[in-house]
Amino acid sequence: MTETQVLCNGRWLRLMRRGRWEYAERTNPGGAVIIVALTAQNRVLFVEQWREAIQSKTIEMPAGLVGDLAGSRDESAVTAAQRELLEETGYKAGRIEYLMEGPSSSGMTTEIIAFVRAYHLTREHDGGGDHTENIVVHEIPREQAAPWLLEKMREGYSIDPKLFAGLYFLERGEALFGGK
C-alpha cells in the first residue's frame, strides 16, 4: 500500500500526496449539496457570487457544504440543502428530495456532491447569503434557463457545467429517481 502524506492543512481543505498523486481532501465530513429549485411561477433559482479561487463571478444553483457548522457533523445533505436554500435565496422548501451524489472532480479532490430537488417553495426573505457572502438571486423562467446561462457565459461569468446536469434533473429527475 502506498503511503499517504499530508502536504498542507487548511480549515476546509487538506492537500495530500499518495505516491505521485496529489489531491485535495475535504475536511468537513459531508461534502457539498447542490439544490435544484423551481418556484411556483416556474422559475429556476440561480445564485451569483464572486469565487476567489477562480477570480471570477459565477452563476450557480444554490449550494453549500454539508456538516460545516459547529455541532452539525452528522448533518444530512437534505438538512444542509434546507438551510442553504433559505440562507442563499430566501426560499423555504416544503420538501426536499435526495437525487444522487458523486465526485465533484475525481482526479483532483475527495469532495462528494449531492444533488437534491426542492419542492413547494415559499418566500421567507430576500436571501443573499450569510454575513460573509454577497449573493445575488436570479429567478429565471424555466424555458429560458439554458439560453440565459449561455448568455451569462458570453458576458464573462464562470458557469459550472453541473448547472446543465441540474437542469436535466429538473426535466427528467422524477422519471430517473422516482420523485413524487
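Note that this is a predicted model, so its numbers are computed, not measured.

A.B. asks: I keep staring at the sheet that holds strand β2 (residues 13–18) and nothing clicks. Help me out?
C.D. replies: In a beta sheet, neighbouring strands are held together by backbone hydrogen bonds and run either parallel or antiparallel to one another. In space, the three strands of this open sheet follow the order β1-β2-β3, with antiparallel pairing throughout. Only two strands of the sheet have a single partner each, and these edge strands are β1 (4–9) and β3 (21–26). Pairs of neighbouring strands in the sheet enclose a mean axial angle of 30 degrees, with direction left out of account. In this structure, β1 lies alongside β2, joined through five bridges in antiparallel fashion. Pairing of Val6 across the sheet is with Met16, part of β2.

A.B. asks: I keep staring at the packing of aromatic side chains and nothing clicks. Help me out?
C.D. replies: Two numbers describe a pair of aromatic rings. These are the distance of the centres and the angle of the planes. Inspection of every chain in the model, using the stated rule, returns four aromatic pairs. Ring centres of Tyr168 and Phe169 lie 6.4 Å apart, and the angle between their planes is 65 degrees; on these two criteria the pair is classed as edge-to-face. Given a relative accessible area of 10%, Phe169 falls into the buried group. One aromatic cluster in this structure is built from Phe115, Tyr168, Phe169 and Phe177. Above the plane of the ring of Tyr119 lies Arg117, whose end atom (NZ or CZ) is 4.3 Å from the centre.

A.B. asks: I tried to follow the side chain of Thr109 on my own but got confused; where do I start?
C.D. replies: Positionally, Thr109 belongs in the loop between β8 (91–103) and β9 (112–123). Owing to a relative accessible area of 13%, Thr109 belongs among the buried residues under this scheme. Those residues in contact with Thr109, other than ones at most four positions away along the chain, are Tyr23, Ala24 and Ser104.

A.B. asks: Even after reading the chapter, I still don't get a nonpolar patch on the surface, so can you show me in this structure?
C.D. replies: A contiguous nonpolar patch, built from Met100, Tyr168, Leu176 and Phe177 and spanning about 340 Å² of accessible area, is present on the exposed surface. With respect to the element layout, Phe177 can be found in helix α3 (residues 162–177). Residue classification places Phe177 among the partly exposed residues on the basis of a relative accessible area of 31%.

Conventions adopted
- Residues numbered from 1 in each chain as written.
- Predicted model: local features only at pLDDT ≥ 70, side-chain atom pairs only at ≥ 80, totals over all residues.
- Heavy atoms only, no water.
- Pairing = 2+ DSSP bridges.
- Helix = DSSP H or I, 4+ residues; strand = E, 2+ residues; numbered from the N terminus.
- Axes fitted to C-alpha atoms, helices over the stretch in contact; angles between N-to-C directions.
- Phe/Tyr/Trp six-rings, centres within 6.5 Å; stacked < 30°, edge-to-face > 60°.
- Buried < 20%, exposed > 50% of the residue type's maximum accessible area, 1.4 Å probe, protein only.
- Lys NZ or Arg CZ within 6 Å of the ring centre and 35° of its normal.
- Contact = heavy atoms within 4.5 Å.
- Patch = residues over 30% accessible without salt bridge, like charges linked within 9 Å, V, L, I, M, F, W, Y side chains within 5 Å.
- Areas by Shrake-Rupley, 256 points an atom, 1.4 Å probe, with all protein chains shown as cover.
- Salt bridge = Lys/Arg side-chain N within 4 Å of Asp/Glu carboxyl O.

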